[in-house]
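Close look at the chain arrangement
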Amino acid sequence: MRASQLPLFTSKNDPSDAQVASHRLLARAGYIRKQGSGLYIYLPFGDMVHRKIVEIVREEMNRFGGVEVSLPVITPAELWQESGRWDIMGKEMMRMHDRHEVGYALGPTHEEAMTDLARSFLQSYKQLPINLYQIGKKYRDEIRPRYGLIRCREFTMKDAYSFHADDASLDATYQKMREAYRAIFERCGLKTIPVEADSGNMGGSGSEEFMVASQIGEETLLLCSDEACGYRSNQEKTEFISANYGLQPIVSGAIEDFDTGELKTIEEVAQLTGGAPRDFIKAVIYEDAAKIIVCFIPGDRELSEVKMKNLAGVNDYWLASEETIKAVTGAEPGYAGPVDLKYKDGDAVSVTAPPTGHKKTLRIFFDNHLKGRSGLIAGANRTHFHKKNVAEGRDFTITEAHDLINAHAGDICPQCKKAELTETRGIEVGHIFKLGKKYSEKMKLTVLDPNGKPLTPTMGCYGIGVGRTMATAIEQNHDERGLVWHKNLSPFLVYLVSLAKGDAETAFVDKLYATLQAHGISVYLDDRDERAGVKFNDAELVGFPFIVTVGKKTLESGKIELKLRRSGEKFELSESELIAKLRGD
RNA sequence: CGGGAUGUAGCGCAGCGGUAGCGCACUUGCUUUGGGAGCAAGGGGUCGUUGGUUCAAAUCCAAUCAUCCCGACCA
């Protein structure tokens, strides 16, 4: 392709709203352009890269047994109502109505739609397993679109859904998808870290995320420092284990209230008493429309909202209001504790005064690391007072302890139980998980088993963000001059800089352009009437793997200049040497 | 949704009571021509929108919309 046919959209200025390298450079190099918050135009080069990733994904999905289909972007509300997610998905799901006031969603994901398709044609266990996938646009009204292609409101996703007669079959497909994902990211030249993950509100059990390590990553990953162990996990999922709480002596002594005045925070009270934050019981209180959730954890740690949310079974929740806290503890916020709490787990608490008297169910959760401890300091459920010498088992009892805390670097690996964890940040580009029967049951998908009895298939679900893959490829591969593409993703293999003047030189360039193409090499010929510097700069900005320069010097020496974009290495080659090099012979 | 900021030419920005400016880009001409050319001449903005204050508003006030940043969602 020639620049005179397919123009460059490069710019000298960085867009003012770009915060990260991939966004800044993709915009400046003319691959993408923002049209609205979280909405991007793919310009010619951007679209070409996007299509290459799609094709890689498609080939690998097909190779590992996927069956491609294409579902409508707009999904009927009744499917979402069947699964119960019409109300759960919240504002993130964009909704619309047709002229008859029938509701629809702009599909943020397609479990329901795909399960609906499956039940329309699956009748026998003999048709299982089957892995249906599509590559198409998804819409999510993100709270905060960010980082260019990394967090958009419209994005292309490959989403696959597998259906199985039993767990062994699901396991087999899950393993195949793990292989497929490794192959896909490998071909894209992306280094990914597969980690154990939380399965979120999709439901299900086993789950693995494919992460690209990056400082701008929105996920925290915990990796076991012992490579032999090899444990890797998303913080949301990582079980928190610490030895810091087990080694302490049993502290006896009578429990007593003491006046802490206006001091509420653990730091403040610790200063007053001289105690360490780890000897405090921190109370964190949330509520949703129907529940109040009180979590007690060691004072030096932070609650994992994801763990709390999964445990409590809530989705749309918030930090408890002052009124709610008063209703539960009888005190101002800042003095909640497990001892002398008016209510117990499961009680109904009035959060509004009579006569309305709206009631919510109280849930109380304790963290594992409070079990068996004594000498603790906790809120007294009495304004201005805390309790000291609190002992679990005597002053309050934990019947069921949970994992409620965010693990961090320095905590103990939950797999080998020995080595410490280290932390890194990551961007999620792919996610595979075992869904189980959540959707097949809700949507009444059944097939007949060998005995002629109905069988509800179990499901798996596998996603890849295409735009995100493109953006992270650049996050990993760029320099101050611009983009650096892997040859499998680059719009063209070669950027041919023509510095030709006059007919003879132009004829030489045209011939070389034709020759390279005849050898199956994709070439972008910069035949613009621009100065050399402009072309060199654009060549480096757009980031194709090879930059070939032809001008007066070439005709004089007979040698063609080749520059490798990534390393900057230069070669002077004959035409046949050049072709061999470009073809990787 | 809470906290912070910004909307002025295609892009990046200045101007912050007296009627619109800079760099890049664009158009034309001449020169130049292997690392973002020089000179000259041009074109382009109801200053996000609406309302108010004022003799006078891009500038002050209010509302509204949009965008971005910091926190809770996800491929």
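Keep in mind that what you see is a predicted model, and the values were worked out from it rather than measured.

1. Points about the overall build of chain A
The secondary structure content of chain A amounts to 15 helices and 32 strands. Oriented by its inertia axes, the alpha-carbon framework of chain A measures out at about 100 × 65 × 50 Å. Taken across its 585 residues, chain A has 42% of its residues classed as buried. Within chain A, contacts between residues separated by at least 24 positions form 70% of all contacts whose residues are at least 6 apart in sequence.

2. Digging into the nonpolar core
Most often, soluble globular proteins keep nonpolar side chains buried together rather than apart. Judged by nonpolar contacts, the single largest core of 133 residues is most densely connected at Ile-285, Val-294, Val-494, Tyr-495, Leu-496, Phe-544 and Val-548. At seven residues, helix α6 (residues 167-187) tops the list of elements feeding residues into this core.

3. Here we look at the packing of helix α2 (residues 44-63) against helix α11 (residues 466-476)
Between α2 and α11, whose axes approach to 9 Å, the crossing angle comes to 115°. The angle between the axes of α2 and α11 places the two elements in the roughly perpendicular class. The interaxial crossing formed by α2 with α11 has right-handed handedness. Facing Val-49, His-50, Ile-53, Val-54 and Val-57 of α2, the residues of α11 in contact are Val-466, Gly-467, Thr-469 and Met-470.

4. Notes on the sheet that holds strand β20 (residues 385-390)
Consider a sheet: its strands pair through backbone hydrogen bonds, and that pairing is either parallel or antiparallel. Taking strand neighbours across the sheet as the criterion, the three strands line up as β13-β20-β19 in an open arrangement whose pairing is antiparallel. Here the strands that pair on one side only, and so sit at the sheet edges, are β13 (256-259) and β19 (376-382). Neighbour to neighbour, the strand axes of the sheet diverge by 40° on average, direction disregarded. Where β19 meets β20, four bridges bridge the pair, whose relative direction is antiparallel. Residue Gly-379 lies in a different strand from β20, and its bridge partner there is His-386.

5. Points about the protein's contact with RNA strand B
Inspection of the region around RNA strand B gives 52 residues, with Gly-465, Ala-532, Gly-533, Gly-551 and Lys-553 positioned closest. Among the secondary structure elements, those contributing two or more residues to the surface near RNA strand B are β8 (154-164), α8 (305-312), β22 (421-436), β25 (458-465), α11, α13 (532-542) and α14 (552-557). With eight residues, α13 is the largest single contributor of residues to the surface near RNA strand B.

6. Here's the deal with the domain arrangement of chain A
Note on interface size: it is often stated as the accessible area lost on association of the parts. What the domain assignment reports for chain A is domain 1 (21-212 + 429-474), domain 2 (256-402) and domain 3 (494-583). For domain 1 versus domain 3, the distance between C-alpha centres works out to 41 Å.

7. A few points about the sheet that holds strand β5 (residues 94-97)
Taken in spatial order, the three strands make up an open sheet running β4-β6-β5, and their pairing is antiparallel. Each of the sheet's edge strands pairs with one partner strand only, and the pair in question is β4 (74-76) and β5. Taking the axes of each pair of neighbouring strands and ignoring which way they run, one obtains an average angle of 35° across the sheet. Taken together, the three bridges between β4 and strand β6 (residues 103-106) define a ladder with antiparallel strand orientation. Bridge assignment links Thr-75 to a residue of β6, and that residue is Ala-105.

8. Remarks on the environment of Arg-278
Along the chain, the position of Arg-278 falls in the loop between α7 (266-273) and β14 (281-287). Arg-278 gets classed as partly exposed once you count the C-beta atoms within 10 Å, which come to 18. Residues Arg-278 and Arg-363, 85 residues apart in the sequence, show an inter-C-alpha distance of 23 Å. The residues contacting Arg-278, other than those within four sequence positions of it, are Asn-244, Tyr-245, Pro-298, Gly-299 and Asp-300.

9. Looking at the environment of His-358
Tracing the chain through its elements places His-358 in the loop between β17 (348-350) and β18 (359-367). Linking His-358 and Ala-290, residues 68 residues apart in sequence, is a C-alpha distance of 9.5 Å. Setting aside anything within four residues of it in sequence, one finds His-358 in contact with Ser-350, Val-351 and Thr-352.

10. A word on helix α9 (residues 322-329)
Within α9, burial applies to Thr-324, Ile-325, Ala-327, Val-328 and Thr-329. Where α9 is buried, its residues meet β14, β15 (291-298), β17, β18 and β19. Count one or two residues on from α9 and you reach Gly-330, which has phi positive near 75°.

11. Points about the environment of Trp-485
Residue position: Trp-485 is located in the loop between β27 (482-483) and β28 (494-498). In this structure, the C-alpha to C-alpha distance between Trp-485 and Ile-474, residues 11 residues apart in sequence, is 7.3 Å. Residues within four places of Trp-485 in sequence aside, it is in contact with Ser-490, Gly-543, Phe-544 and Pro-545.

12. Brief notes about unusual backbone geometry
Cis geometry is found at the peptide bond from Leu-128 to Pro-129, where omega equals -5°. Its place among the elements puts Pro-129 in the loop between α5 (111-121) and β7 (130-139). You will see that Glu-101, though not glycine, has its phi angle at about 65°, which is positive. Checked against the element boundaries, Glu-101 lands in the loop between β5 and β6. Classification of Glu-101 as exposed rests on a count of 6 C-beta atoms within 10 Å.

Basis of the calculations
Residue indices begin from 1 for each chain and proceed along its sequence in written order. Throughout, the order in which chains and ligands are written sets their labels, letters from A for the former and numbers from 1 for the latter. Local features in a predicted model are, by the rule used here, given only for residues with pLDDT of at least 70; side-chain atom pairs are given and counted only at 80 or more, and totals for whole chains, interfaces and linings are based on all residues. What counts as a helix is a DSSP run of H or I of at least four residues, what counts as a strand is a run of E of at least two, and both are numbered from the N terminus. Buried residues are those with 20 or more other C-beta atoms within 10 Å of their own C-beta, exposed residues have 12 or fewer, and partly exposed residues lie in between; C-beta atoms are placed from the backbone. We call two residues in contact when the distance between their C-beta atoms, placed using the backbone, is within 7 Å. A set of buried Ala, Val, Leu, Ile, Met, Phe, Trp, Tyr and Cys residues, joined through C-beta atoms within 7 Å, is what we mean by a nonpolar core. Simply put, an axis is a line fit to the C-alpha atoms, just over the touching stretch for a helix, and the angle between two N-to-C directions goes from 0 to 180 degrees. Orientation labels follow simple angle bins: below 35 degrees gives roughly parallel, above 145 gives roughly antiparallel, 65 to 115 gives roughly perpendicular, and whatever is left gives oblique. Left-handed describes a crossing whose near helix is turned anticlockwise from the far helix through less than a right angle; right-handed describes the clockwise counterpart. A strand pair is defined by DSSP finding two or more bridges across the two strands. Being near a molecule or strand means, for a residue, that its backbone-placed C-beta atom lies within 6 Å of it. Throughout the structure description, domain borders are defined by an automatic or database domain assignment.

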